[in-house]
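# Reading the structure
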Amino acid sequence: MRYTLRQLQVFLATARLENISRAADTLAMSQSAASGSLKELEQQFDVQLFDRVGKRLQLSELGREIRPQAEKLLAQAQSLEAALAGAEIPGSLRLGATLTVGNYLTVLMIADFRERHAGADLSLHVANTSEIAAMVADFELDIGMIEGEVNHPCLQTRHWREDELQVFAAPGHPLAGKRKVSDAQLREQKWIVREPGSGTRQTFDRAMHGLLPDLEISIELQHTEAIKRAVEAGLGLGCLSRISLQEAFKRGSLVPVHVPQRDFRRQLNLIIHRDKFHGAALQQWLALCEQYSD
């Protein structure tokens, strides 16, 4: 065989970081050793895997073509190594989640997973739907748990569980406690909502179809808790996942606003790269997701 797994590690780390020095640091190698490994790989096959753009190394067309195969091959090798060593859960798992899922579901799932598999090495990156999808597509994350919908040729989407948004207000708001709020009343309110690119905003915009041009979007915020605090302060109405509002409703610091004529239902989804190797850790995580699907 004319290449080594170490060369593949250097290739993939450089593809992710676009910098040979940072790639070397992540692999505990010297820069010269990493650079020599990558250069040797290219010379062995007389190919160019990266285009040098200043200090950045961008994947060439060939580099982009072989990257999914290299990712899968290296993951399989790591799985084999762990199996030979007798490990129940091999390697690590890089999780990505959107804000609602990450803050209110995934943290509990990680605790559950680690209780079952004490040696598991899990990391969690929380961002909006578009960022999580981009990172899964770029092999920076092993799996994404998202609130929105994505249409990417490299990603496989699996429906996970049902969710629903809820309009809410401060207890002293004029619409608080009303049995039904009309579209005309919704037009008169100031709204505090998530930013474009988030799954929650995607669902809100769809549910408010026909009203959006007339709604006063007063504040757009990236964080669920910031929206809840702003609504508690009486700055307007909010609309977030019911999952994120349960505790506030129990405390009475926020109250639901009933808008039955609008459909706020949505699906939470799992996204995985189509070429991703499903090692034992990923398989176990998917099994756990099934248990949290209700």
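What you are looking at is a predicted structure, and each value in this text was computed from that prediction instead of being measured.

## So, the pairing of strand 8 (residues 216-221)
Bridging between strand 7 (residues 190-194) and strand 8 involves five bridges; their strand directions are parallel. Counterpart to arginine 194 in the pairing with strand 8 is leucine 221. With helix 8 (residues 199-207) bridging strand 7 and the parallel strand 8, this β-α-β connection has right-handed handedness.

## Here we look at the nonpolar core
Counting residues in hydrophobic clusters, the biggest one holds 23 residues, and the most contacted among them are Met145, Trp160 and Trp285. Of all the elements in the fold, those that place two or more residues in this core are strand 3 (92-97), helix 5 (99-116), strand 5 (143-146), strand 11 (265-273) and helix 11 (280-291). Excluding anything up to four places from it in sequence, tryptophan 160 contacts Val101, Leu105, Met109, Met145, Gln267, Leu268, Asn269, Leu270, Cys289, Tyr292 and Ser293.

## Concerning the layout of surface pockets
Of the voids in this model, the largest pocket is the one considered here, and its volume is about 580 Å³. Considering the residues around the largest pocket, the lining is formed by 25 residues, among which Arg16, Gln78, Ser92, Arg94 and Asp142 are closest to the centre. At the level of secondary structure, the elements contributing two or more residues to the lining of the largest pocket comprise helix 1 (5-17), helix 4 (61-84), strand 3 and helix 11. Looking at side-chain class alone, the lining of the largest pocket contains twelve nonpolar, seven polar and six charged residues. As a volume, the second largest pocket reaches approximately 220 Å³.

## A word on the environment of glutamate 149
Structurally, glutamate 149 is set in the loop between strand 5 and strand 6 (155-169). Judged by relative accessible area, which is 54%, glutamate 149 ranks as exposed. When the C-alpha atoms of glutamate 149 and arginine 266 are compared, they prove to be 9.5 Å apart, with 117 residues separating the residues in sequence. If near-sequence neighbours (up to four positions away) are discounted, glutamate 149 is found in contact with Gln202 and Arg206.

## Details of helix 6 (residues 129-137)
Within helix 6, the full set of buried residues consists of Thr129, Ile132, Ala133, Met135, Val136 and Ala137. In this structure, the buried side of helix 6 is in contact with strand 3, strand 4 (121-126), strand 5, strand 6, helix 8 and strand 11. In the segment just after helix 6, phenylalanine 139 is the residue with positive phi, at about 65°.

## Details of a nonpolar patch on the surface
A contiguous nonpolar surface patch, about 200 Å² in accessible area, is contributed by Phe45, Val47 and Leu62. Tracing the chain through its elements places leucine 62 in helix 4. A residue is classified by how much of its surface remains accessible, and leucine 62, at 32% relative accessible area, is partly exposed.

## Details of the side chain of threonine 129
Tracing the sequence through the fold places threonine 129 in helix 6. Its relative accessible area of 4% is what places threonine 129 among the buried residues. Of note is the side chain of threonine 129, whose polar atom sits 3.3 Å from the backbone nitrogen of glycine 148. Ignoring anything within four residues of it in the chain, the contact list for threonine 129 reads Thr98, Ile146, Glu147, Gly148, Val150, Gly197, Ser198 and Gly199.

## Digging into the packing of helix 5 against helix 11
Across the interface, helix 5 lies against helix 11 with an axial gap of 11 Å and an inter-helix angle of 125°. Comparing the axis directions of helix 5 and helix 11 gives the class oblique. When you trace helix 5 past helix 11, the crossing you get is right-handed. Contact residues: helix 5 offers Thr106, Met109, Ile110, Asp112, Phe113 and Arg116, while helix 11 offers Ala281, Gln284, Trp285, Leu288, Cys289 and Gln291. Classifying every residue of the contact of helix 5 with helix 11 gives seven nonpolar, three polar and two charged.

Calculation rules
Residues numbered from 1 in each chain as written. Predicted model: local features only at pLDDT ≥ 70, side-chain atom pairs only at ≥ 80, totals over all residues. Heavy atoms only, no water. Pairing = 2+ DSSP bridges. Helix = DSSP H or I, 4+ residues; strand = E, 2+ residues; numbered from the N terminus. Right-handed = clockwise from strand over helix to strand, strands pointing away. Core = buried A, V, L, I, M, F, W, Y, C linked by side-chain atoms within 4.5 Å. Buried < 20%, exposed > 50% of the residue type's maximum accessible area, 1.4 Å probe, protein only. Contact = heavy atoms within 4.5 Å. 1 Å grid on protein atoms, 1.4 Å probe; cavity = no way out; pocket = protein on both sides within 12 Å on 5 of 7 lines; lining within 4 Å. Points joined across faces, edges and corners; volume = space filled by probe spheres on them. Nonpolar A, V, L, I, M, F, W, Y, C, P; charged D, E, K, R; others polar. Patch = residues over 30% accessible without salt bridge, like charges linked within 9 Å, V, L, I, M, F, W, Y side chains within 5 Å. Areas by Shrake-Rupley, 256 points an atom, 1.4 Å probe, with all protein chains shown as cover. Salt bridge = Lys/Arg side-chain N within 4 Å of Asp/Glu carboxyl O. Polar contact = N/O pair within 3.5 Å; in protein donor to acceptor, adjacent residues only side chain to side chain. Axes fitted to C-alpha atoms, helices over the stretch in contact; angles between N-to-C directions. Parallel < 35°, antiparallel > 145°, perpendicular 65-115°, else oblique. Left-handed = near helix turned anticlockwise from the far one by under 90°.

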